[in-house]
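Residues per chain, in single letters:
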Amino acid sequence: MELSVLIGLVVLLALGVPQIEITERVNIFALPYLNENLYLMMAMSGVFGALRVDGAH
């Protein structure tokens with residue numbers, strides 16, 4: 001599931017969608033810091049997902 005977020009991040013970056021465009025329309029997290037760094041959180045989620053997949057083997 002976390003790896004799908006990483007795929008979404010790649011698509012958003014490829015399309016050139018600015019992060020501010022997403023965070024202006026939707027309040028995703030309760031903490032403003034997480035909203036301001038949404039793309040970083042998505043990348044970290046991908047790393048976490050890759051570690052989970054690797055740990056399952």
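Scroll up to find the structure.
Model, not experiment: these values are computed from the prediction.

*Asks:* Explain the side chain of Q19 residue by residue, including any values.
*Replies:* Summarising the element assignment, Q19 is placed in helix α2 (residues 19–25). Within the structure, Q19 has its side chain in polar contact with the backbone oxygen of E36 (distance 2.3 Å). Residues in contact with Q19, not counting those within four places in the same chain, are N35, E36, N37, L38 and Y39.

*Asks:* With reference to specific residues and values, describe the packing of helix α1 (residues 2–15) against helix α4 (residues 38–56).
*Replies:* Their axes nearest at 7 Å, the elements α1 and α4 cross at an angle of 140 degrees. The angle between the axes of α1 and α4 places the two elements in the oblique class. For the element pair α1 and α4, the recorded crossing hand is left-handed. On α4, the residues that touch E2, L3, V5, L6, G8, L9, L12 and L13 of α1 are Y39, M42, A43, S45, G46, F48, G49, A50, R52 and V53.

*Asks:* Mind laying out the side chain of S45, listing which residues take part and the relevant values?
*Replies:* Position of S45 among the secondary structure elements: in helix α4. Residues in contact with S45, not counting those within four places in the same chain, are E2 and V5.

*Asks:* Lay out the environment of G49 in plain terms, naming residues and giving numbers.
*Replies:* Along the chain, the position of G49 falls in helix α4. When the C-alpha atoms of G49 and G8 are compared, they prove to be 13 Å apart, with 41 residues separating the residues in sequence. Ignoring anything within four residues of it in the chain, the contact list for G49 reads E2 and L3.

*Asks:* Describe a nonpolar patch on the surface, listing the residues and the values that go with them.
*Replies:* Together, L3, L6, V10 and V53 give the surface a local cluster of nonpolar side chains, amounting to about 290 Å² of exposed area. If you tally residues by element for the nonpolar patch, the top one is α1, at 3 residues. The topology assignment puts V10 in helix α1.

Reading guide: rules and limits
Residues numbered from 1 in each chain as written. Predicted model: local features only at pLDDT ≥ 70, side-chain atom pairs only at ≥ 80, totals over all residues. Heavy atoms only, no water. Helix = DSSP H or I, 4+ residues; strand = E, 2+ residues; numbered from the N terminus. Polar contact = N/O pair within 3.5 Å; in protein donor to acceptor, adjacent residues only side chain to side chain. Contact = heavy atoms within 4.5 Å. Axes fitted to C-alpha atoms, helices over the stretch in contact; angles between N-to-C directions. Parallel < 35°, antiparallel > 145°, perpendicular 65-115°, else oblique. Left-handed = near helix turned anticlockwise from the far one by under 90°. Patch = residues over 30% accessible without salt bridge, like charges linked within 9 Å, V, L, I, M, F, W, Y side chains within 5 Å. Areas by Shrake-Rupley, 256 points an atom, 1.4 Å probe, with all protein chains shown as cover. Salt bridge = Lys/Arg side-chain N within 4 Å of Asp/Glu carboxyl O.

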